[in-house]
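# Observations on the three-dimensional arrangement
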Amino acid sequence: MRSLFTLVVAVAMFGCSPAADGVQVQVDAGAALDAACATGRESCDGRCVDLSSNALNCGACGRACQPSESCVQGACAMVCPDGQTACGGRCVSVASNALNCGACGRTCPGGEACIAGSCSAQCSSPRTVCEGVCVDPRSDASNCGACGQACAAGQACQDSVCRRGCPADQVDCGGTCASTRTDGRNCGRCGAVCPGGTTCVDGTCSAACGAGRTACGAACVDTATDPSNCGACGGSCAAGQSCVGGMCRASCASPTTSCGGLCVDTATHGGNCGRCGNACPSGQNCVSGVCRAPVSPVRATWTFPGTLPNPVTRDLRFPTYLAHAFGLVPDGTLTFRFQTACAALTNSGAASQQVTLEARMPGYASARTQVVTLAAGESRSVCVNPVFDLARLYSLTAISAGALEADARDAVGNYIARDSRTVAILPLGGVVWSEPGYRNSEMSALSIVHVAPFDPSILSLRRAVETRSVFPGGFGASGYGRTPIQRARTIAARGNVSHVVFLEQNEDFLLQLNTASGGSVNLYLFTPTQFEAWQAGTGNGVLALNNTVGAGATLRYRATAAGYAYAVIHNVDTASSRTVTFTPSNSRQDVAYDALGSIYEELRSRNFSYTNIGTAYYASEQVQYIRRPRDLLATRTGNCIEGSILFASVLENIGMEPVIFRVPGHAFVGVRSAPGSTVIWPVETTMLGVAAFATAFTTGIEEIGMNATLPAEEAHFIDVTNARRAGLRPIPM
């Protein structure tokens, strides 16, 4: 599993040197170096410019347009963002503006809204018409709770109420920012006051507890002995079990007895032969409560590689979340062995020997046997995995005591070796982040089994997410494939329209001119610096151009470096406007941004928010309890790793390649810009409920930069696609 944290996001601009700027050619940008100006140009400060189109000298030398304006026929005119039109000195969307519906000056009747460029009397619920525009009064800061009810500066509209902006871990409660996890006056929600003698712990009013006791709800409990909160709050032991030392342990039936919390038969148990704690030496068996050496020439030594030693207590833990993968032989990217019991066999005899191996996990996995024939003098290692009862294992809500048992028998049934290990069986959500002998990045990678792209709840969410895509036809059938968006614009005489795109190194860009009414146009591709100079009439460099072209023309470019570029359609006619339709190719960033943003906005619409409530963390064991995506959607909450897993589940369902970044104490999600790309675009999921997607997107980029210099085992990413190739399938749901 890759652990590098450096490839991530390329955000550098194109270089400013001639080599980086691309081909240097003369274009009609209104600049010339000849003191004797050609017809149609005037000398301004020693430079020849076209006063009809030069933004620094518009109509006359020294008459500069505002930054938001361009020079059109010698007059400064407003330049509107892509998708908007200048109407009466304002940039508006004629698709939604009721005063300019479909075209400037086309006003909708009173009470009607402009929807997709047509006047309509209705808005889809819960939106309503305010001044001819469909708005959501629950979140619209200009119409918060009712039309015309605007929030003050610094406030946002949340649930139809204007609230002051608060930090990501707090909410506005009556004008005061409060943490509903710890504030006793706003515990769990605004206005929920904890009664006397209690405190707010993870959003719940709890009694103040003494040493050795933990607040679970409103009660103080001993998580070492409480069967309803065994090991952690909410860890409930099954019927017939008791809580001993923070683990659920079974009551024993005859002829078994309790040894270290396990029910064993001391007549045959190699670890408790005749009495608890009496372990037979290696190579001996427990027969009628006595340790005896076998008579077979075959020797067997058992190990249990799929268990994880507790670094504090050295007890063995069984990772339930990996049970479905036991028997997997990784492709070399993982060193963790998904094997329950492995026998090192040696036949010292002069003839071949048949050995029967068996492994089991009483109460949680039925026995599986394997017959092995060893040639004379042969040594071999053979692993056996029992048949796990996944439903039983998945139902555990607390750490439970169990045992792994393994036998080796000769051809007539005599025991060659018997062994067992006491194990702490983790609940399904118990993920081990750190383990002696393994890299942190590898242990993190194992958590990918929680990414659930085919869970019915994810399938349903994906369908809703897709409706938010800006691309025609949504996500399409091929993950990264999207239908490009055709755009229509009217370009004034000597005017231009631009389309901004971010290109990765070696990424191809195509601008298709579909129609051009009234005559030909010029097509240019600029760096930001080149575009600024071209508009000002002070430069003539371009990345690519195709001059004096009509319908069907194209502009092609392969980026030599990563950065932003401006695709420009320029109307060279000095008297007539041009109406054009054009289709720019989708950039990789466009596709990634759309997928992440669609998921983010759909979850925001469901009031999904960041929280740590509802999770238990076994700090001393480096085990964190995380919930399944379906549970997150049901509660509409999730912590950082849970939110990342939820996003990754949807992204994988779409057919894209998600990754999860892990840094000290935190996690966030990203997606590769293309299959196998080294460029990853991230999003900070903990900002759900408190910030717009654009902010969460830029925050993710900033977090990558802040952690890029940390050692790989402290800051790394978990690659979902590579984990699948290694065989880490999702947990069967």
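The structure we're discussing is the one just above.
Residues numbered from 1 in each chain as written. Predicted model: local features only at pLDDT ≥ 70, side-chain atom pairs only at ≥ 80, totals over all residues. Heavy atoms only, no water.

### Re the overall build of the chain
Regarding its fold elements, the chain presents 10 helices and 51 strands. When burial is assessed residue by residue, the chain has 48% of its 733 residues classed as buried. Relative to all contacts within the chain whose residues are 6 or more apart in sequence, the contacts with residues 24 or more apart total 56%. Here the chain displays about 31,100 Å² of accessible surface, and carbon together with sulfur accounts for 51% of that area. (Helix = DSSP H or I, 4+ residues; strand = E, 2+ residues; numbered from the N terminus. Buried < 20%, exposed > 50% of the residue type's maximum accessible area, 1.4 Å probe, protein only. Contact = heavy atoms within 4.5 Å. Areas by Shrake-Rupley, 256 points an atom, 1.4 Å probe, with all protein chains shown as cover.)

### Regarding the sheet that holds strand E25 (residues 298-303)
Taking strand neighbours across the sheet as the criterion, the 3 strands line up as E25-E28-E31 in an open arrangement whose pairing is antiparallel. Single-partner strands in this sheet number two, and they are E25 and strand E31 (379-384). Taken pair by pair, the neighbouring strands of this sheet meet at an average axis angle of 20°, ignoring direction. As judged from the 6 bridges shared by strand E28 (residues 341-347) and E31, these two strands associate in the antiparallel manner. Across the sheet, residue Leu 345 finds its bridge partner in E31, namely Arg 380. (Pairing = 2+ DSSP bridges. Axes fitted to C-alpha atoms, helices over the stretch in contact; angles between N-to-C directions.)

### Some words on the sheet that holds strand E49 (residues 666-672)
Overall, antiparallel pairing links the 4 strands, which are arranged E50-E49-E48-E51 in an open sheet. Looking at strand neighbours, the two that pair on one side only are strand E50 (680-683) and strand E51 (716-719), the edges of this open sheet. Strand after strand, the sheet turns through a mean of 35° between neighbouring axes, direction not considered. One ladder, built from 6 bridges, connects strand E48 (residues 658-663) with E49; its direction is antiparallel. By the bridge assignment for E49, Val 659 is matched with Gly 670. Each of E49 and E50 touches helix H6 (residues 588-605); the most contacted strand, E50, lies at about 20° to it. Set on the sheet, helix H9 (residues 693-707) makes contact with E48, E49 and E50; between it and E50 the angle comes to about 115°.

### Some remarks on the state of the cysteines
In a disulfide, the sulfur atoms of two cysteines are covalently bonded to one another. Tallied over the full model, the rule gives 5 disulfides. Note that Cys 237 is cross-linked by a disulfide to Cys 248, the S-S spacing being 2.0 Å. Judged by the sign of its S-S torsion, about -85°, the bond between Cys 237 and Cys 248 is left-handed. Residue Cys 237 is found in the loop between strand E18 (219-221) and strand E19 (241-244), and its partner Cys 248 is found in strand E20 (residues 247-250); the two are separated by 11 residues along the sequence. Accessibility expressed as a relative area gives 0% for Cys 248, which makes it buried. With its sulfur 1.9 Å from that of its partner, Cys 342 forms a disulfide with Cys 383. As the torsion about the S-S bond is roughly 100°, the Cys 342-Cys 383 disulfide counts as right-handed. (Disulfide = S-S within 2.5 Å.)

### Here's the deal with the packing of aromatic side chains
Using the criterion set out here, one finds 20 aromatic pairs in the structure. Taking the centre distance of 5.6 Å and the plane angle of 75° together, the rings of Phe 326 and Phe 388 count as edge-to-face. With Phe 326 in the loop between strand E27 (316-318) and E28 and Phe 388 in strand E32 (residues 387-388), the pair connects residues that are 62 residues apart, well separated along the chain. Assigned by exposure class, Phe 326 and Phe 388 land together as buried. An aromatic cluster is present here, built from Phe 502, Tyr 564, Tyr 593, Tyr 600, Trp 681, Phe 693 and Phe 697 joined pairwise through their rings. (Phe/Tyr/Trp six-rings, centres within 6.5 Å; stacked < 30°, edge-to-face > 60°.)

### A short note on the pattern of salt bridges
A pair can form between side chains of opposite charge whenever their charged atoms are brought close. Applying the stated rule across the entire model yields 22 salt bridges. The salt bridge involving Glu 358 is made with Arg 360; its shortest N-O contact spans 2.7 Å. We classify Arg 360 as buried; its relative accessible area is 15%. A salt bridge links Arg 409 to Glu 358, with the nearest nitrogen and oxygen atoms 3.9 Å apart. One end of the pair, Arg 409, is in strand E33 (residues 400-409); the other, Glu 358, is in strand E29 (residues 353-361), and 51 residues separate them in sequence. Pair check on accessibility: Arg 409 and Glu 358 agree, each one buried. Put simply, Glu 358, Arg 360, Glu 405, Asp 407, Arg 409 and Arg 418 are held in one network by salt bridges that share partners. (Salt bridge = Lys/Arg side-chain N within 4 Å of Asp/Glu carboxyl O.)

### Concerning the side chain of Thr 699
Here Thr 699 lies in helix H9. With relative accessibility at 18%, the residue Thr 699 sits in the buried group. What Thr 699 contacts, discounting residues up to four positions off in sequence, is Glu 684 and Met 687.

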